[in-house]
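Summary of the model geometry
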Amino acid sequence: MTDLFAGLADIRPSREVMADGAVLLRGIFAATEADLIADLRAIVKQAPFRHMVTPSGHTMSVAMTNCGSKGWVTDIGGYRYDAIDPVSGQPWPAMPPSFGDLAQRAAEQGGFKGFAPQACLINRYVPGAKMSLHQDKDELDLGAPIVSVSLGLPATFLFGRLSRSDKPQKFRLEHGDIAVWGGPARLAFHGVAPLAEGEHPIMGRQRINLTFRKVM
Ligand code: SIN
Ligand code: FE2
């Protein structure tokens, strides 16, 4: 374990532009990795992953949970943010500093200062799970960016434009990579191709994605 963390610290930070207002950051995660993963495990114990149902009645292949003062939920009644976990009837676990600080740091490097998300949606992909092209548009404050942190198995991220019919570009997201999109890219269509089979040395046979949103 220790050797793996030391190895990651050697990755030099890099910044790739995906679109106007959208960047992919690599190598800014290593210093906080151990804390973040320990905090993630505690959150998932308190609010376990579950497969939510879309308003059209489709059960999502990605399992989800949340932390923060608001959580994103979907059921037959629609998509919304809710302070209460519908499974436990309790508030979602608080957003730990290891999560919030990383999100703020990443947003700043993406050109968005003072990012203060209330919500962190936690997505779990096992091999075969995918997320169809969609826009993140359930937030009232579209002035704030989306910050998306990838952990575990690599994935193919599809990043498009403001229209669903524009062909998305493909980007490989690996453990520790962070995508930030806002401003002119805030409502860009995006999704994740079906996850390939694999075993990650730290996270095992899965990919976890943390998506930070300023809701209000
Ligand atoms: C999302 O759009 O909510 C998830 C994106 C990802 O898993 O990288
Ligand atoms: Fe999204």
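Our structure's up above, just so we're on the same page.
So, here's what we can say about the structure. (Residues numbered from 1 in each chain as written. Chains lettered and ligands numbered in written order. Predicted model: local features only at pLDDT ≥ 70, side-chain atom pairs only at ≥ 80, totals over all residues. Heavy atoms only, no water.)

1. Observations concerning the overall build of the protein chain
Cut-off, in case you're wondering: Under the scheme used here, helices are H or I runs from DSSP no shorter than 4 residues and strands are E runs no shorter than 2 residues, and both carry numbers assigned from the N terminus. Throughout, a contact is declared for two residues whenever any of their heavy atoms are within 4.5 Å. The method behind every accessible area is Shrake-Rupley, applied with a 1.4 Å probe, and residues are considered shielded solely by the protein chains displayed. Counting rule applied: Lys, Arg positive; Asp, Glu negative; His and chain ends not counted. A charge is said to be at NZ when it belongs to Lys, at CZ for Arg, at CG for Asp and at CD for Glu.
Regarding its fold elements, the protein chain presents three helices and 13 strands. Along the longest, intermediate and shortest principal axes, the C-alpha atoms of the protein chain span 45 × 40 × 35 Å. For the protein chain, restricting intrachain contacts to residue pairs at least 6 apart in sequence, the fraction spanning at least 24 positions comes to 73%. When the accessible surface of the protein chain is summed, it comes to about 10100 Å², and 55% of that surface belongs to carbon and sulfur atoms. When the 23 positive and 21 negative side-chain charges of the protein chain are each reduced to one mean point, those points stand 5 Å apart.

2. Description of the packing of aromatic side chains
For any two aromatic rings, the description comes down to two numbers: the centre-to-centre distance and the angle of the planes. Put simply, the rule is: Ring pairs are drawn from Phe, Tyr and Trp, using the six-membered ring of Trp, whenever the two centres fall within 6.5 Å, and their geometry is named by plane angle: stacked under 30 degrees, edge-to-face over 60, tilted for the rest. Relative accessibility under 20% of the residue-type maximum defines a buried residue, over 50% an exposed one, and the middle range a partly exposed one, all with a 1.4 Å probe and only protein chains included.
Evaluated as defined, the whole model comprises five aromatic pairs. Plain terms: the ring middles of F99 and F212 are 6.2 Å apart, the flat faces sit at 75 degrees to each other, and that makes the pair edge-to-face. Residue F99 is found in helix α3 (residues 97-109), and its partner F212 is found in strand β13 (residues 207-213); the two are separated by 113 residues along the sequence. A residue is classified by how much of its surface remains accessible, and F212, at 0% relative accessible area, is buried. For the pair F159 and W181, a centre-to-centre distance of 5.6 Å together with 70 degrees between the ring planes defines the contact as edge-to-face. Residue F159 is found in strand β9 (residues 155-159), and its partner W181 is found in strand β11 (residues 178-181); the two are separated by 22 residues along the sequence. Of the two residues examined, F159 and W181, each falls in the buried class. By way of ring pairs, the aromatic residues F157, F159 and W181 are connected into one cluster.

3. Examining the sheet that holds β13
The pairing of strands in a sheet comes from backbone hydrogen bonds and takes either a parallel or an antiparallel form. Note the cut-off: When DSSP finds two or more bridges between two strands, those strands count as paired. Inter-axis angles, ranging from 0 to 180 degrees, are taken between N-to-C directions of lines fitted to C-alpha atoms, where helices are fitted over the stretch in contact.
Spatially, seven strands are ordered β1-β2-β11-β8-β13-β6-β3 in an open sheet, and the strand pairing comes out antiparallel. Each edge of the open sheet carries a strand with a single partner, namely β1 (14-19) and β3 (63-68). Across the sheet, the mean angle from the axis of one strand to that of its neighbour is 20 degrees, orientation sign disregarded. Summarising the sheet, strand β6 (residues 119-125) and β13 pair through seven bridges and their orientation is antiparallel. Residue pairing in the sheet places N123 in a bridge with N209 of β13.

4. Focus on the coordination of the iron ion (ligand 2)
Selection criterion: Sites may look incomplete because water is not among the atoms; the donors themselves are N, O and S atoms within 2.8 Å of the metal, or within 3.2 Å for Na, K and Ca. Note on geometry labels: four donors, all angles 85 to 135 degrees, give tetrahedral; four donors become square planar and six octahedral when opposite donors are over 155 degrees apart and every other angle is between 65 and 115; remaining cases are irregular.
Looking at the iron ion (ligand 2), one finds its protein donor set to be H134 (NE2), D136 (OD) and H190 (NE2), positioned 2.1 to 2.2 Å from the metal centre. Geometry at the iron ion (ligand 2) is irregular, judged from its four donor atoms and the angles of 90 to 174 degrees they form at the metal. Every donor residue of the iron ion (ligand 2) comes from the same chain, spaced as H-x1-D-x53-H.

5. Looking at the site of ligand 1
Going by this rule: Only heavy atoms are used to decide nearness, and a residue is near a molecule or strand if one of them lies within 4 Å of it. Pairing of N or O atoms within 3.5 Å defines a polar contact, subject to two protein rules: one partner must be a possible hydrogen donor and the other a possible acceptor, and residues neighboring in sequence count only if both atoms are side-chain atoms.
The full set of residues close to ligand 1 is N123, Y125, M131, H134, S148, H190, V192, R207, N209, T211 and R213. Note that an oxygen atom of ligand 1 is positioned 2.5 Å from one of the side-chain N or O atoms of Y125. Measuring from an oxygen atom of ligand 1, one finds a side-chain N or O atom of H190 at 3.0 Å. For ligand 1, the accessible surface in isolation is 260 Å², of which the surrounding protein chains cover 99%.

6. Here's the deal with the nonpolar core
Counted only if it meets this: In this description, a nonpolar core means a group of buried Ala, Val, Leu, Ile, Met, Phe, Trp, Tyr and Cys residues linked to one another through side-chain atoms lying within 4.5 Å.
Within the largest apolar cluster, 31 residues are counted, with the highest numbers of intra-cluster contacts made by M18, M64, Y125, F157, F159 and W181. Among the elements of the structure, β2 (22-26), β4 (71-75), β6, β9, β10 (169-173) and β11 are those that each provide at least two residues to this core. Every residue in contact with F157, bar those within four places of it in the chain, is listed here: M18, Q169, K170, F171, L173, A179, W181, H190, G191 and V192. Among the nonpolar cores identified, the runner-up in size contains 29 residues, and L102, C120, I178 and I208 belong to it.

7. Side note on the environment of V215
For V215, the position within the fold is in the segment after β13. Among the residues examined, V215 registers a relative accessible area of 4% and is labelled buried. Setting aside chain neighbours within four positions, we find V215 in contact with K70, Y81, Q118, A119, E139, L140 and D141.

8. Here's the deal with the environment of E139
Locating E139 in the fold gives a position in the loop between β7 (131-134) and β8 (146-152). The sequence separation of E139 and W72 amounts to 67 residues, and the corresponding C-alpha distance is 9.8 Å. With near-sequence residues (within four places) excluded, E139 lies in contact with Y81, R186, R213, K214 and V215. Polar side-chain contacts of E139 include one of 2.6 Å to the side chain of Y81. Only 2.8 Å separates the side chain of E139 from the side chain of R186, close enough to count as a polar contact.

No statement about biological role is implied by the geometric values presented.
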